[in-house]
Amino acid sequence: MPKKTMRDAINEALHQAMAADERVFVIGEDVAGGNGSNGRIGCAGGVFGVTTGLYEKFGPLRCIDTPISESAIVGAAAGAALVGLRPVAEIMFADFIGVCMDQIVNQIGKFRYMFGGKSKCPLVIRFTTGGGFSAAAQHSQSMYQVMTAFPGLKVVVPSNAYDAKGLLLAAIADDDPVLFFEPKALYQVACEVPDEYYTIPLGQAAMPREGDDVTVVAFGQMVGRAAQAIDELEAELGITCDLIDPRSTSPLDEETILESVRATGRLVVVDESPPRCGLTADVAAMAAERVFHSLKAPVKQVCAPHSPVPFSPELEAAYLPSVERIKAAIRETAA
Amino acid sequence: MPKKTMRDAINEALHQAMAADERVFVIGEDVAGGNGSNGRIGCAGGVFGVTTGLYEKFGPLRCIDTPISESAIVGAAAGAALVGLRPVAEIMFADFIGVCMDQIVNQIGKFRYMFGGKSKCPLVIRFTTGGGFSAAAQHSQSMYQVMTAFPGLKVVVPSNAYDAKGLLLAAIADDDPVLFFEPKALYQVACEVPDEYYTIPLGQAAMPREGDDVTVVAFGQMVGRAAQAIDELEAELGITCDLIDPRSTSPLDEETILESVRATGRLVVVDESPPRCGLTADVAAMAAERVFHSLKAPVKQVCAPHSPVPFSPELEAAYLPSVERIKAAIRETAA
Amino acid sequence: MSFNREQLLRAYRQMCTIRVFEDRAHAEIMNGQIAGFTHLYAGQEANAVGVCEHLGAGDTIISTHRGHGHCIAKGADVIGMMKELWGSSEGLCKGKGGSMHIADIDQGILGANGIVAGGPPISVGAALAAKIRGRDSVAISFSGDGSVNQGTCFEAMNLAVVLKVPAIFVIENNYYSEHTSINYAVGCKDLKARTEAFGFPVFVADGSDFFAVYEAAGKAIAHARAGNGPAGVFCEMGRFHGHFVGDPEGYRGPGEVKRLRQDFCCLKKFRARMEQTGELAVAELDDIDAAVNVLIDEAVLAARAARRPVAAEVATDVYVNY
Amino acid sequence: MSFNREQLLRAYRQMCTIRVFEDRAHAEIMNGQIAGFTHLYAGQEANAVGVCEHLGAGDTIISTHRGHGHCIAKGADVIGMMKELWGSSEGLCKGKGGSMHIADIDQGILGANGIVAGGPPISVGAALAAKIRGRDSVAISFSGDGSVNQGTCFEAMNLAVVLKVPAIFVIENNYYSEHTSINYAVGCKDLKARTEAFGFPVFVADGSDFFAVYEAAGKAIAHARAGNGPAGVFCEMGRFHGHFVGDPEGYRGPGEVKRLRQDFCCLKKFRARMEQTGELAVAELDDIDAAVNVLIDEAVLAARAARRPVAAEVATDVYVNY
Ligand SMILES: Cc1ncc(C[n+]2csc(CCOP(=O)(O)OP(=O)(O)O)c2C)c(N)n1
Ligand SMILES: Cc1ncc(C[n+]2csc(CCOP(=O)(O)OP(=O)(O)O)c2C)c(N)n1
Ligand SMILES: [Mg+2]
Ligand SMILES: [Mg+2]
């Protein structure tokens, strides 16, 4: 199978979704690029190049550049979805949810409920998420944990190129609004990705490692680090773990997690967001409530400190959960 | 001691803070009311009347009406705080964080960190929070659980008039930005409130009930319901509980909670927000991580369903955690 | 502009329906029959009707917190609406939305909206969909004189120009946002000019005169339908009730509401014109008044009798599937 | 407007310092010495300097993602800035902020800002503080031609008019927001007019001409200081580097950057004028160039040698106390 980076896999998904369904269009800042300039329209494909080629292929009515007006971008996607199209909006950095949160949370996320189940709002909003770029406090937040709190929205965070393609195609085909968070630190990471169209259902976890001693749940960028930690621990100490990558945080594949914890009795949850009201607490609390009697040791949360994301590379490295910290947590839990 | 409603207690706190420190001013929509009209300026005092009398007492430079521009309101407070004033901004409903989240989360909450500890941003933003008014999906959210996730902000949610006054005066005197969530369903509830100026430190929980069997942690509007549940259970079954009202969710008085759980071995957490990535999970996970070996039973979360807040009074009553549901959770945990 | 009898009868009936609906809702709220926050549109009817009488099935509107009038004008079922105010599961939104979220997607009503200026960006999206699909439908958003100061509203206006989509921004100046006058909250001297500076024409009318609104809205809609991009409508009008039911209205000048009800009542103006032109007889209008009163009586009775929601309904209708 | 020698020397030195700082930062980023996203101001120096030369200790500025120039112009220490770009704990922000968040509150610099149009509302607050305290200070916010389409920017403009505070909105039109031209992203024909429609005067200047900017900014600042409320400055200028370092610049027309560097270089224009008027000698300007190059060399050496932060510093400086 061909190897593709996550960036290319997502780009391919967008091409295939747009080719398959003429209701799909993309909208966002510089998703084409060059509009109004003396240069080439379509020169950008998003600042990370993820929408490259869509303008050439599908033209200005389906690859739409906008001013820097995130509320209007999201609102425009919402309105188009309400009347039957299937927009894919791009918000460059998840941090910019700050300037368009109302449209996402109070509008899109609530239409169906407020309207008594009589509307559908099938759209996807793509964001880049997370740290690893020394992009500092306003361009490095994960935010998916915060959006998981809001009923009416679905939230996806892939950890590899293969999943990213299948999940995005599923998200675009989904009749509910989906927030799709792309860990920007993984854009250049490649794995085997089929050329054809395929979907991965939302709400279904992957289990990239299976083992007996500890259940490790990790999200997005942290899945790779958790896998490395697990592999090293197996080699070093013979500890084996289930590694669960929920892939979507809403819906969350609770059963896969609970079943694993029932078997191992030990749980470590890893996420790069700060500790308060996040996904590590969410999953840990679920276990403490629903499989308490299976638990043999304290549940462990490995996450960022309660601070904004720092700029300096050394500080950011200390901020994000490292393979070492994950290993230490697994070791302690298994002890 | 005189009895005062929460509305009056907060109003008194604002009067006293403004009288004590000329750097304090209030700003928001209709905090005075009547500007530009043929009627009386100062006619409103906020839509809930909480800022009544401030315009008459302190004049137009310290009780400032604004257009409906929440980002600009919060930003204006932020800028004034950065240069040395101590603004108290009013955002009418916590739900409106949607239209000003960037200013709160990415600006105010991060200045000090991004600027290497060289700035202070001493401001308070007051919001009404929570359900109970049939105000439906866009005027009933709690939101304090979401804001707790963001480092750099302090978050307060009082459960009674006495605390509201002391906490607000502490918040205004605090050198960090404080988000102050006022449960609107409690505005008309009265208790004894001293006339004089006093403060209640942030990060220090109250324990309105003490007992042996179960630790109950409840937030804001839910504290009263939890107290009723506990009182009924004591009368009916002789079960006694510690009831902990954290009063601020950030900082959270972790020690008081953990100490109580160490003693009771049983924990029920009650909040009116939906279940995902909220405060019930936050507190439950903390217990499962840090006092796991003291726990004798599954930790219980009592919260709203994963849905927006409904309009219909019957539906809203079913949505918010009831005394009955809290009792059932305590009973099960104690069993 | 000329109207046939049917059009005239229909316009009057629509305005009258809104008025009676609102006045009755007011009474029922005062009686404690309707919960929540309700904002009444009485006094502004000519604006909603003057705009919506131009619209067809493919066109959409999106409303504000003050949504009843727009919904009725665009064809929402008043009985379903009244049941919704009552919080019944037979309501237009199964009692989940209430006054601030009344919607009827099938009628092209993208909802009342509890967030000031929540609607305009969404409306730009509906307009964009029309452009993408090559249809000639238009998308209307209603905004108040206060709402136009919210950032989302400005963004929507600029985006509509950039994308050249058939979005119509209807600005209803009822002089107040809550307790604050437009004279204070809109900093510039001329809101029409500020709006036009975004790059589209704004047509002005007396918002208490159906014929004037109809004409201005017609120009705006024709402009947009013809593919010229967005347009605006700007009308002044009086709000007869408080901002919300229970508002003490300390911001009103002496005799203000009385004067508004006297001089800026669209029903009175409509009747006066009919008397002048003879196009419709007084008796015909009286008949409409009577029929509308019967309809609203029925709606209230139906709402009172309608099924109350049960707890199991709380968590449904959140997702299509989850 | 007349300038004494000291003023002229200072203005040139400030512009030159920005240019050399930026070109060096560019080189060091290409070398892999500086991490993160960096946006360079080279080509726009006259704008920052022309505005900031009017300001005193009590005045504040708030910048954008493209913040180095504004910070230097308002008096930030360039060595501390360079250390900050390097992510050192000796940096102006202890390495926690980096290029996008350089700030120096004591100098009245309320920070570069990674959020487009994050600054204007905050600047209105600083201006409001001046009004409340009865001081005559002004608060400057810089915005790009793309940033003016963000809702927060519009809200800030209207609020400043409503509150009549001394906020100055400086709009830097460098023709692009990222890869998109102002011709596309600003829907209206005339951005100056759209801005003025908010209710304050906007003064226009050639942003590559220090003297022109200084004059326009002077009018705006005088207007605001005198208690007349906000004002604007609107300048065109060229951005010599890409939007961010690494930008392939596919949106540029043929020869565009070369032409900008040729015709819209503030240093060249300044030197040409000095030659013409004889106010300063070429040698004096050459001396400044040399001195500035020495300073920036020193800054880079200092940044390379500066203390690296350690893990324990990650979670400090979040709160005053917690
Ligand atoms: C974002 C937001 N801010 C504030 C409010 C509270 N609010 C509801 S209606 C209203 C006034 C709206 O004024 P206007 O736009 O003139 O509409 P009108 O009420 O006059 O119809 C306000 C401030 C809100 N619902 N949403
Ligand atoms: C809210 C927000 N949206 C988008 C971005 C990404 N972004 C950074 S700079 C920029 C372009 C800004 O253009 P302009 O205002 O003209 O400033 P210039 O870069 O030309 O100085 C964009 C879109 C951002 N930082 N914040
Ligand atoms: Mg109004
Ligand atoms: Mg620009």
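Predicted model only: the values in this text are computed from it and were never measured.

Caption draft 1: Quick peek at helix α9 (residues 210-225) of chain C. All names here are of chain C. If you check α9, its first and last C-alpha atoms are 21 Å apart, about what 16 residues at 1.5 Å a residue would give, namely 22 Å. Restricting attention to buried positions, one finds in α9 the residues Phe210, Phe211, Ala212, Val213, Tyr214, Ala216, Ala217, Gly218, Ala220, Ile221 and Ala224. Looking at where α9 begins, the residue whose side-chain oxygen comes 2.9 Å from the main-chain nitrogen of Phe211 is Asp209. Remark: Gly227 follows α9 within two positions and exhibits a positive phi of approximately 90 degrees.

Caption draft 2: Region of the structure containing the packing of helix α2 (residues 45-52) of chain D against helix α9 (residues 210-225) of chain D. Residues and elements named next belong to chain D. In the contact formed by α2 and α9, the axes pass within 8 Å of each other and the chain directions differ by 40 degrees. Considered as vectors, α2 and α9 are oriented oblique to each other. By crossing handedness, the relation of α2 to α9 is classed as right-handed. Residues Ala46, Asn47, Val49, Gly50 and Val51 of α2 lie in contact with α9, whose contacting residues are Phe210, Val213, Tyr214, Ala217 and Ile221. The residue inventory of the contact of α2 with α9, partitioned by class, reads 8 nonpolar, 2 polar and no charged.

Caption draft 3: Focus on the sheet that holds strand β13 (residues 267-270) of chain B. Residues and elements named next belong to chain B. Strand order in the open sheet formed by 5 strands is β9-β11-β10-β13-β14, with mixed pairing between adjacent strands. Where the open sheet ends on each side, the last strands, each with one partner, are β9 (206-209) and β14 (300-302). The sheet shows a mean angle of 25 degrees between the axes of neighbouring strands, direction not considered. As paired elements, strand β10 (residues 214-218) and strand β11 (residues 241-245) share 4 bridges and run parallel to each other. Across the sheet, Val217 pairs through a bridge with Ile244, a residue of β11. Here helix α9 (residues 254-264) sits on the sheet and contacts β9, β10, β11 and β13; the angle it forms with β10, its principal contact strand, is near 155 degrees.

Caption draft 4: Inspection of the site of ligand 1 at higher detail. Surveying the vicinity of ligand 1 reveals 22 residues, the closest of which are Glu70 of chain B together with His65, Arg66, Gly114 and Ser147 of chain C. Of the chains in the model, those with residues near ligand 1 are chains B and C. Contacts to ligand 1 include Gly146 of chain C, whose backbone N or O atom sits 2.8 Å from an oxygen atom. Between ligand 1 and Ser147 of chain C there is a distance of 2.8 Å, counted from an oxygen atom to a backbone nitrogen or oxygen. Burial of ligand 1 by the protein chains amounts to 98% of its free accessible area of 580 Å². Here the residues of the shell around ligand 1 are counted per class, giving 7 nonpolar, 10 polar and 5 charged.

Caption draft 5: Broad picture of the coordination of the magnesium ion (ligand 4). Residue and element names in this part refer to chain D. Coordination of the magnesium ion (ligand 4) by the protein involves Asp145 (OD), Asn174 (OD1) and Tyr176 (O), with metal-donor separations of 2.0 to 2.1 Å. Expressed as a motif, the donor residue spacing for the magnesium ion (ligand 4) is D-x28-N-x1-Y. Placement of the pair is Asp145 in the loop between β2 (139-144) and α6 (151-163) and Asn174 in the loop between β3 (167-173) and β4 (176-177), with a sequence separation of 29 residues. Here the two residues Asp145 and Asn174 agree in accessibility, since each one is buried.

Caption draft 6: Geometry of the site of ligand 2. Every one of the 22 residues lining ligand 2 counts as a neighbour, but Glu70 of chain A together with His65, Arg66, Gly114 and Asn174 of chain D are closest to it. Residues near ligand 2 are shared among chains A and D, making this a multi-chain site. One nitrogen or oxygen atom from the side chain of Arg66 of chain D is found 2.7 Å from an oxygen atom belonging to ligand 2. Here an oxygen atom of ligand 2 and a backbone polar atom of Tyr176 of chain D are 2.8 Å apart. Protein contact buries 97% of the 580 Å² of open area that ligand 2 shows by itself.

Calculation notes
Residues numbered from 1 in each chain as written. Chains lettered and ligands numbered in written order. Predicted model: local features only at pLDDT ≥ 70, side-chain atom pairs only at ≥ 80, totals over all residues. Heavy atoms only, no water. Helix = DSSP H or I, 4+ residues; strand = E, 2+ residues; numbered from the N terminus. Expected span 1.5 Å × (residues − 1). Buried < 20%, exposed > 50% of the residue type's maximum accessible area, 1.4 Å probe, protein only. Polar contact = N/O pair within 3.5 Å; in protein donor to acceptor, adjacent residues only side chain to side chain. Axes fitted to C-alpha atoms, helices over the stretch in contact; angles between N-to-C directions. Parallel < 35°, antiparallel > 145°, perpendicular 65-115°, else oblique. Left-handed = near helix turned anticlockwise from the far one by under 90°. Contact = heavy atoms within 4.5 Å. Nonpolar A, V, L, I, M, F, W, Y, C, P; charged D, E, K, R; others polar. Pairing = 2+ DSSP bridges. Near = heavy atom within 4 Å. Areas by Shrake-Rupley, 256 points an atom, 1.4 Å probe, with all protein chains shown as cover. Donors = N, O, S within 2.8 Å, 3.2 Å for Na, K, Ca; no water.

In short, the description is geometric, and any link to function would need to be established separately.
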